Amino acid sequence: MGVSIAMNAPDALAAPASGDGLLPVRADGLVFEAHGKRLIDDVSVVLQPGPRTVVLGPNGAGKSLLLRLLHGLIKPTVGSVTWALGNADDVRNRQAMVFQKPVLLRRSSAANVEYGLRLRGMPHAERVERVAEVLHRTGLRRFSDQPARLLSGGEQQKLALARAWALKPDLLFLDEPTASLDPAAIAAVEDIVQAMHADGTRIVMVTHDVGQARRLADEVMFMHKGRLLEKTPAATFFQAPESGEAAAFLRGELRW
Amino acid sequence: MHDLALAFITAVQLLLSFDPALVEIVLLSLRVSLTAVGLAALIGLPIGAAVALFRFPGRGALIVLLNALMGLPPVVVGLVVYLFLSRSGPLGVFGLLFTPTAMVIAQSILVTPIIAALTRQVVEDLWAEYSEQLRSLGAGPMRAVPALLHDARFTLVTAVLAGFGRASAEVGAVMIVGGNIDHVTRMMTTAIALEVSKGDLALALGLGIVLIVLSLSVNAATYIVKQRAERRWA
């Protein structure tokens, strides 16, 4: 009953890339069940390098779960996620995720950014340089010695982005990163996401904010009741979505 | 009432006189209990964190066991350590019985389960909050242990203090393995027990008050340091 959507260049997947790219990643027939309920229902999708993808859908559609399945934080009940890279450590190390509520360690802002780099075994001198660079680019340099937990909500989320940016990931997942932020902080977060994309990071972002999706999306994946109903270029999606549910969602009429 | 008043006067006199015999007992008590708590923390913190983070067969039983061991009877621990350390025991060759080292060993055994059980609970709760973020950054349970212990440090201080309370207050274990030998293994609690059996209740109570003041001081000092650090790091 699920809709399988393999867009862009399905031919490229017949022979998974043997280069050193993380992408494409291919999800095949993902099903996730918890407590007897099917929360992700037969989702198949291919993510090629390049565009900024926004995952849209009402609450409970399974957007966050899909991100966690792709990122490897949870295991699918059925189905698989296959990366172009073979080595599991490389796959983990070349992607990052920013959560709705940033989890910052009880140490300074700079030490928070440095933590991820240390886990990857980066030498000290290089770490210090990288930390200074991302704190500068995210406008957090003046907070670098301050305890991260004392920053404001918006600054905390920017720091979470800085921590992800420092890793220079090929792919960044964002799970409603601006859900509880004020307009200025939302704009700042979106600017960082854009800058990371300009730096070559593939963006996959969950939101239920249609305005944000319009600002950021090159393509939209629309989810509803655990199923992926469409994966459409943004321009097409906002003018003439393929599914009736997406059209209703855009009109603010979706009832579920 | 008369005994109590007399005890207070005795306690004040004891404290003011800086009686060298009392100072010796106080210092030995502190040395033994703090060393025991230090050792127990070195063992209990990683064990508690490991039980919190890893899933293995028998984990539930181990948690129940750890929680139950918090209530280990000191006399039983003292007796078992005594049997191990006595001349004919498996560790008899080291000649540790009736030394401060024997008391440290016995108290470490009493305190380790307390620190491990409380650490397990604290770290498990923190891991629930941190798990996704740390795993996303590339830290599996093993590499997350130092970060979690570090971030739980303010709560874990309380766990360690609970252990210190246990060590400084118990008499059964140190009495058996230490023997309450004057100038060698006489602690606050064993001295109190001795004075009670000799019938000098005022002196016993006076020593008791000194012990409570000591325990209060350690806890107060820890509280102040903790408050300062907490305000600094939120």
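The shown structure was predicted, so the numbers you read here are calculated from the model rather than taken from an experiment.

Undergrad: In this structure, what is going on with the overall build of chain B? I would like to understand it.
TA: Within chain B one finds ten helices and zero strands. Contacts in chain B between residues at least 24 apart in sequence constitute 78% of all its contacts with a sequence separation of at least 6.

Undergrad: Mind showing me how you'd approach the packing of helix α4 (residues 109–119) of chain A against helix α5 (residues 124–137) of chain A here?
TA: Each packed pair of helices is defined by two parameters, the angle between the axes and the distance between the axes. All names here are of chain A. The geometry of α4 relative to α5 is characterised by a closest axis approach of 9 Å and an angle of 125° between their N-to-C directions. By the angle class used here, α4 and α5 are oblique. Along this stretch, α4 crosses α5, giving a crossing that reads as right-handed. Judged by residue contacts, Ser 109, Ala 110, Val 113, Glu 114, Leu 117 and Arg 118 of α4 engage Arg 127, Arg 130, Val 131, Val 134 and Leu 135 from α5. Along the lines of polarity and charge, the residues of the contact of α4 with α5 split into six nonpolar, one polar and four charged.

Undergrad: Got a minute to help me understand the sheet that holds strand β2 (residues 37–47) of chain A in this structure?
TA: Strand-to-strand pairing in sheets goes through backbone hydrogen bonds, with the strands running parallel or antiparallel. Residue and element names in this part refer to chain A. With respect to topology, three strands assemble into an open sheet ordered β2-β1-β4, the strand pairing being antiparallel. At either end of the open sheet lies a strand with only one pairing partner, and these are β2 and β4 (78–83). Neighbour-to-neighbour, the strand axes of the sheet open up by a mean angle of 20°, direction not taken into account. One ladder, built from seven bridges, connects strand β1 (residues 25–34) with β2; its direction is antiparallel.

Undergrad: So what exactly am I meant to see when it comes to the packing of α4 of chain A against helix α6 (residues 153–166) of chain A here?
TA: Residue and element names in this part refer to chain A. α6 packs onto α4 with a crossing angle of 35° between their chain directions and a minimal axis gap of 8 Å. Here α4 runs over α6; the crossing is right-handed. Counting all contacts with α4, which are made through Ser 109, Asn 112, Val 113, Gly 116 and Leu 117, the residues of α6 involved are Leu 159, Ala 162, Arg 163 and Ala 166. Taken together, the residues of the contact of α4 with α6 break down into five nonpolar, three polar and one charged.

Undergrad: Sorry if this is basic, but what is going on with the confidence of the model for chain A here?
TA: Summarising the model, chain A shows a mean pLDDT of 90, and 92% of its residues fall at 70 or more. Note on residues 1–18 of chain A: pLDDT under 50 across the span, and 29 contacts to partners over four residues away in sequence or across chains.

Undergrad: Looking at this structure, how should I read the interface of chain B and chain A?
TA: Accessible area lost when the parts come together is the quantity often used to give the size of an interface. At the interface, 15 residues of chain B touch 17 residues of chain A. At the level of elements, α5 (100–137), α6 (141–151) and α10 (201–233) of chain B are the ones that each hand at least two residues to the side of chain B that touches chain A. Across the side of chain B that touches chain A, the residue classes break down as six nonpolar, three polar and six charged.

Undergrad: Where do I start with the nonpolar core in this structure?
TA: One recurring pattern in soluble globular proteins is that nonpolar side chains are buried together. Residues and elements named next belong to chain B. With 139 residues, the main nonpolar core has Ala 106, Ile 115 and Val 177 as its most contacted residues. The dominant element in this core, judged by the number of residues it contributes, is α5, at 19 residues. In this structure, Ala 106 is in contact with Val 77, Gly 78, Val 81, Ala 173, Val 174 and Val 177, ignoring residues within four places of it in sequence.

Undergrad: I tried to follow helix α7 (residues 153–169) of chain B on my own but got confused; where do I start?
TA: Helical periodicity: at 3.6 residues per turn, an α-helix aligns residues three or four positions apart in one direction. All names here are of chain B. Taking 1.5 Å of rise per residue, 17 residues should cover 24 Å, and α7 covers 24 Å from first to last C-alpha, within 8% of that figure. Restricting attention to buried positions, one finds in α7 the residues Leu 156, Ala 159, Val 160, Gly 163, Phe 164, Arg 166, Ala 167 and Ser 168. For α7, the elements touching its buried residues are α2 (20–53), α5, α6 and α10.

Undergrad: Sorry if this is basic, but what is going on with unusual backbone geometry here?
TA: Note: most residues except glycine have negative phi, and most peptide bonds are trans. Residue and element names in this part refer to chain A. A cis amide bond links Leu 23 with the next residue in sequence, Pro 24, at an omega value of 5°. Examined against the element boundaries, Pro 24 turns out to sit in the loop between α1 (11–14) and β1. Of note in this structure, Asp 42 is not a glycine but carries a positive phi near 55°. As for its position among the elements, Asp 42 is in strand β2.

Undergrad: Would you explain the sheet that holds strand β5 (residues 95–98) of chain A in this entry?
TA: Residue and element names in this part refer to chain A. Judged by pairing direction, the sheet is mixed, and its six strands sit side by side in the order β5-β6-β7-β3-β8-β9 without closing on themselves. Taken across any chain shown, the strands that pair with only one partner, and hence form the sheet edges, are β5 and β9 (227–233). Mean inter-strand twist for the sheet, computed between neighbouring axes without regard to direction, equals 15°. Across four bridges, strand β3 (residues 52–56) lies against strand β8 (residues 219–224) in parallel orientation. Each residue of the ladder has a partner; that of Val 54, found in β8, is Val 220. In this fold helix α7 (residues 183–198) packs onto β3, β6 (171–175) and β7 (202–206), with an angle of close to 150° to the strand it touches most, β7.

Undergrad: Just to check I follow, could you spell out the pairing of β9 of chain A for this structure?
TA: Two faces make up the sheet, and in a regular strand the side chains alternate between them. All names here are of chain A. Burial within β9 is extensive, with six of its seven residues counted as buried. The sheet contact formed by β8 and β9 spans six bridges and is antiparallel. Bridging from a neighbouring strand, Glu 219 pairs with Pro 233 of β9. Hairpin connection from β8 to β9: two residues lie between these consecutive antiparallel strands, with Lys 225 at a positive phi of about 50°.

Undergrad: Explain α4 of chain A to me, please; I cannot follow it from the model alone.
TA: Extensive coverage of α4 of chain A is indicated by the burial of eight of its eleven residues. The set of residues buried in α4 of chain A consists of Ser 109, Ala 110, Asn 112, Val 113, Glu 114, Tyr 115, Gly 116 and Leu 117 of chain A. Residues of α4 of chain A that are buried sit in contact with α5 and α6 of chain A together with α5 of chain B. Looking one or two residues past α4 of chain A, Gly 121 of chain A carries a phi angle of roughly 75°, positive in sign.

Undergrad: Would you take a moment to explain the environment of Leu 27 of chain B for this structure?
TA: All names here are of chain B. Summarising the element assignment, Leu 27 is placed in helix α2. The exposure class assigned to Leu 27 is exposed, which follows from the 10 C-beta atoms found within 10 Å. In sequence terms Leu 27 and Met 188 are 161 residues apart; their C-alpha atoms lie 9.4 Å from each other.

Rules behind the numbers
- Residues numbered from 1 in each chain as written.
- Chains lettered and ligands numbered in written order.
- Predicted model: local features only at pLDDT ≥ 70, side-chain atom pairs only at ≥ 80, totals over all residues.
- Helix = DSSP H or I, 4+ residues; strand = E, 2+ residues; numbered from the N terminus.
- Contact = placed C-beta atoms within 7 Å.
- Axes fitted to C-alpha atoms, helices over the stretch in contact; angles between N-to-C directions.
- Parallel < 35°, antiparallel > 145°, perpendicular 65-115°, else oblique.
- Left-handed = near helix turned anticlockwise from the far one by under 90°.
- Nonpolar A, V, L, I, M, F, W, Y, C, P; charged D, E, K, R; others polar.
- Pairing = 2+ DSSP bridges.
- pLDDT = per-residue confidence, 0-100.
- Core = buried A, V, L, I, M, F, W, Y, C linked by C-beta atoms within 7 Å.
- Buried ≥ 20, exposed ≤ 12 C-beta atoms within 10 Å, placed from the backbone.
- Expected span 1.5 Å × (residues − 1).

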